[in-house]
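Take a look at the letters that make up each chain.
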Amino acid sequence: MARLKVKHADEKEYLQAVQEVLETIEDVYNRHPEFEDSRIIERLVEPDRIFTFKVTWVDDNGEIQTNTGYRVQFNSAIGPYKGGLRFHPSVNLSILKFLGFEQIFKNALTTLPMGGGKGGSDFNPKGKSDAEIMRFCQAFMLELWRNIGPDTDVPAGDVGVGGREIGYLFGMYKKLAREHTGVLTGKGMTWGGSLIRPEATGFGAVYFVQHMLHRVDRDIRGMKIAISGFGNVAWGAATKATQLGARVIAISGPDGAIYDPEGMNDEKIAYMLELRRSNNDVVAPFADKFPSATFYPGKKAWSIKCDIAMPCAYQNELDGDDAKELLANGTWCCAEVSNMGCTPEAIAEFQKARILFAPGKAVNAGGVATSGLEMTQNAMHISWSAEEVDRKLHEIMSNIHHACVQYGTQPDGYVNYLKGANVAGFMKVATAMLEQGVI
Ligand code: GLU
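Residues numbered from 1 in each chain as written. Predicted model: local features only at pLDDT ≥ 70, side-chain atom pairs only at ≥ 80, totals over all residues. Heavy atoms only, no water.

## Considering the overall build of the chain
Keep this limit in mind: Labels follow the DSSP assignment, with helices taken as runs of H or I lasting at least four residues and strands as runs of E lasting at least two, numbered in each case from the N terminus. Exposure categories follow from relative accessible area, calculated using a 1.4 Å probe and restricted to protein chains: below 20% of the type maximum is buried, above 50% is exposed, and the middle band is partly exposed. Whether two residues touch is decided by their heavy atoms; if any such pair falls within 4.5 Å, the residues are in contact. With residues, only the protein chains shown are counted as cover, and all accessible areas are computed by Shrake-Rupley using a 1.4 Å probe. Neither His nor the chain ends contribute to the count of charged residues, in which Lys and Arg are positive and Asp and Glu negative. The atoms used to mark charge sites are NZ of Lys, CZ of Arg, CG of Asp and CD of Glu.
When helices and strands are tallied, the chain shows 17 helices and 12 strands. By principal-axis analysis of the C-alpha atoms, the chain measures approximately 60 × 55 × 45 Å. Across the 439 residues that make up the chain, the buried fraction comes to 57%. Put simply, 71% of the contacts in the chain that link residues at least 6 apart link residues at least 24 apart. As displayed, the chain has an accessible area near 17500 Å², and 51% of this comes from carbon and sulfur atoms. Between the averaged position of the 46 positive side-chain charges in the chain and that of its 53 negative side-chain charges there is a distance of 2 Å.

## Examining unusual backbone geometry
In this structure, Ile196 takes a positive phi of about 75° despite not being glycine. Note on placement: Ile196 falls in the loop between helix 7 (163-177) and helix 8 (197-215). For Ile196, a relative accessible area of 12% translates into the label buried. Phi angles above zero are rare outside glycine, and Arg354 is one such case at about 60°. One can find Arg354 in the loop between helix 13 (344-352) and strand 12 (356-358).

## Brief notes about the packing of aromatic side chains
The following threshold applies: The pairing test for Phe, Tyr and Trp rings, Trp by its six-membered ring, is centres within 6.5 Å, and the orientation test on the planes gives stacked under 30 degrees, edge-to-face over 60, and tilted for anything in between.
If you walk through the whole model with that rule in mind, you get 20 aromatic pairs. Note on Trp57 and Phe123: the rings are 5.4 Å apart at their centroids and 80° apart in plane angle, and the pair reads as edge-to-face. Of the two residues, Trp57 is situated in strand 1 (residues 49-58) and Phe123 in the loop between strand 4 (116-121) and helix 6 (130-144); the sequence distance between them amounts to 66 residues. Phe123 shares its class with Trp57; the two are buried. Plain terms: the ring middles of Tyr271 and Phe290 are 5.7 Å apart, the flat faces sit at 75° to each other, and that makes the pair edge-to-face. Of the two residues, Tyr271 is situated in helix 10 (residues 266-277) and Phe290 in the loop between helix 11 (285-289) and strand 9 (294-297); the sequence distance between them amounts to 19 residues.

## Details of the sheet that holds strand 5 (residues 153-156)
Heads up, the rule is: Here, strands pair whenever DSSP counts at least two bridges between them. In this analysis an axis means a line fitted to C-alpha atoms, helices contributing only their contacting stretch, and an angle means the value between N-to-C directions, from 0 to 180 degrees.
As summarised here, the arrangement of the 5 strands in space is 1-2-4-3-5, forming an open sheet in which the pairing is mixed. Here the strands that pair on one side only, and so sit at the sheet edges, are strand 1 and strand 5. With direction set aside, neighbouring strand axes in the sheet form an average angle of 20°. The pairing of strand 1 with strand 2 (residues 64-75) spans 10 bridges and is classified as antiparallel. Following the sheet pairing, Trp57 is matched in strand 2 by Gln65.

## Here's the deal with helix 17 (residues 417-435)
Formally: Under the convention used throughout, the expected extent of a helix is 1.5 Å for every residue step, that is, one less than its residue count. Polar contacts, as counted here, are pairs of nitrogen or oxygen atoms within 3.5 Å of one another; within protein the pair requires one atom able to donate a hydrogen and one able to accept it, and residues that are adjacent in sequence qualify only if both atoms are side-chain atoms.
Relative to the 27 Å expected for 19 residues at 1.5 Å per residue, helix 17 spans 27 Å between its end C-alpha atoms, a close match to the ideal helical length. Within helix 17, 15 of the 19 residues are buried, which leaves the element mostly enclosed by the surrounding structure. Near the N-terminus of helix 17, the side chain that reaches the backbone nitrogen of Leu418, with its oxygen 3.2 Å away, is that of Asn416. Downstream of helix 17 by one or two residues, Gly437 has phi in the positive range, about 80°.

## Observations regarding the site of the ligand
The cut-off we apply is this: Note on terminology: near, applied to a residue and a molecule or strand, indicates that one of the residue's heavy atoms is within 4 Å of it.
Near the ligand you find 13 residues, and of these Lys82, Lys106, Gly157, Asp158 and Ser371 are the closest. With respect to the ligand, the side chain of Gln103 contributes an N or O atom lying 3.0 Å from an oxygen atom. Between the ligand and Gly157 there is a distance of 2.8 Å, counted from a nitrogen atom to a backbone nitrogen or oxygen. When the free accessible area of the ligand is taken as 290 Å², the share hidden by the protein chains comes to 94%. Taken together, the elements giving at least two residues each to the shell around the ligand come down to strand 3 (81-87), helix 5 (93-109) and helix 15 (365-380). For the shell around the ligand, the leading source of residues is strand 3, giving 3 residues.

## What about the packing of helix 2 (residues 12-30) against helix 5?
Definition in use: Throughout this description, any angle smaller than 35 degrees is read as roughly parallel, any larger than 145 degrees as roughly antiparallel, any in the 65 to 115 degree range as roughly perpendicular, and the remainder as oblique. In this count, Pro and Cys sit with the nonpolar residues alongside Ala, Val, Leu, Ile, Met, Phe, Trp and Tyr, while Asp, Glu, Lys and Arg are called charged and the others, Gly among them, polar.
Close contact between helix 2 and helix 5 brings their axes to 6 Å; oriented N to C, the two are set at 25°. Considering their axes alone, helix 2 and helix 5 lie roughly parallel with respect to each other. Between helix 2, through Lys12, Glu13, Tyr14, Ala17, Val18, Glu20 and Val21, and helix 5, the contact on the second element is made entirely by Ser94, Ile95, Lys97, Phe98, Phe101, Glu102 and Phe105. Here the residues of the contact of helix 2 with helix 5 sort into 8 nonpolar, 1 polar and 5 charged.

## A look at the pairing of strand 3
Among the 7 residues of strand 3, 7 are classified as buried, and the element is accordingly described as predominantly covered. The sheet contact formed by strand 3 and strand 5 spans 4 bridges and is parallel. The residue of strand 5 that forms the bridge with Gly84 is Ala156. Relative to strand 4, strand 3 runs parallel, the two being bridged by 3 bridges. Within the sheet, the bridge partner assigned to Arg86 lies in strand 4 and is Gly120.

## Considering the nonpolar core
Rules: Residue types Ala, Val, Leu, Ile, Met, Phe, Trp, Tyr and Cys, when buried and joined through side-chain atoms within 4.5 Å, form a set referred to as a nonpolar core.
Ranked by internal contacts, the top residues of the largest apolar core, which has 67 residues, are Phe208, Ile227, Ile251, Phe286 and Met310. Element by element, the count of residues in this core is highest for helix 8, at 9 residues. Of all hydrophobic cores here, the second largest spans 37 residues; its members include Ile40, Phe74, Met427 and Ala432.

## A look at the sheet that holds strand 9
What holds strands together in a sheet is hydrogen bonding between their backbones, with the strands either parallel or antiparallel. As summarised here, the arrangement of the 7 strands in space is 9-8-7-6-10-11-12, forming an open sheet in which the pairing is mixed. Each edge of the sheet is formed by a strand with only one pairing partner; in this case those strands are strand 9 and strand 12. Averaged over all adjacent pairs, the angle separating strand axes in this sheet is 15°, with direction ignored. Bridge count for strand 11 (residues 333-335) against strand 12 is 3 bridges, and the pairing is parallel. The residue bridging Ala335 from the neighbouring strand is Ala358, located in strand 12.

Dropping the structure here:
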């Protein structure tokens, strides 16, 4: 860690992600001298390769715009590189390296053969027209296409990249490579996409929460849930939680939080999607449309009293003070759905209070797992029914929960899901690296 801090002093998100994993796997690592002999940690924290490229495109005013594109191919010990693309102005190498590093363990937890990768651009989709989004995606793929492939590296969506963007990216890949293969996941249903993929991250997260709750003899029905964000992941989580009888009383955006004591319903959930599609990145209009809802400018969803908190937006969106506020309001479960959504201080607060806390790499793994199922269907040239995919997603989330409990149960019976997820993912990847020699 000390060496990494010197080498990558300005990559704070990446250092945070590595530190969290190393701290939790320490005792297991020390019990396996063969890992140390093979310098597994030193090899694991270094990405296999990173591509950085220029993306130039022309906006609707005829102005030439320049962005930076990236793909981090982090680790392929257990399968082709796999992970999303993030389009957001905050994107830089530190963020993509942290996401790629997390992805290694998350993908290992799914039990499917997928390595870890991540990519994206500092392109800001906010306020862009559909034609601008298309031109940007085409220019991005013009550079990326030579470095990806259905058995090499399979990108997908992440923040700022949804079905529309995957369509434009795929169209350009197909034109350049002259092949129609499963090179991207999150595709449209008529051209190779998997049913349930759009819902999968949010659905999987709620299935995971159900398992956590059942273990302590509780049920999600009637629980008050606060969710942050209003994008694809928040939408999927709100949909499934509502279907199962929970009350989603808060959502949020960069502009503030919405409190709706009546909870979500089909109409409100559909409106979340509409808001997202408008590309304005504001949640305030929700309160204009639904009289039961109130908008709190500048507030986070964590100021609202709830049983279960589900961060569904960005890294470090729930800090130590937010955790204290949630705990003071009686929150007894936090399921991180965003990648590294909680700061180390927040996690320490939750664990000190002995409430249920599970990390993003376990809770949100249903998204990439269903991407893995999309790859399988593409490779077999078939498509499964929604019921079939949902059943498999259920099974995967149940297995991940089981692995977390197996590796994370403490002598006093408290389940440290963070440790459980990291150790389970690490053991699989480290063993594969060991068996494949020094490469
Ligand atoms: N971006 C999502 C994640 O963080 C999904 C990745 C994928 O489907 O490949 O896991």
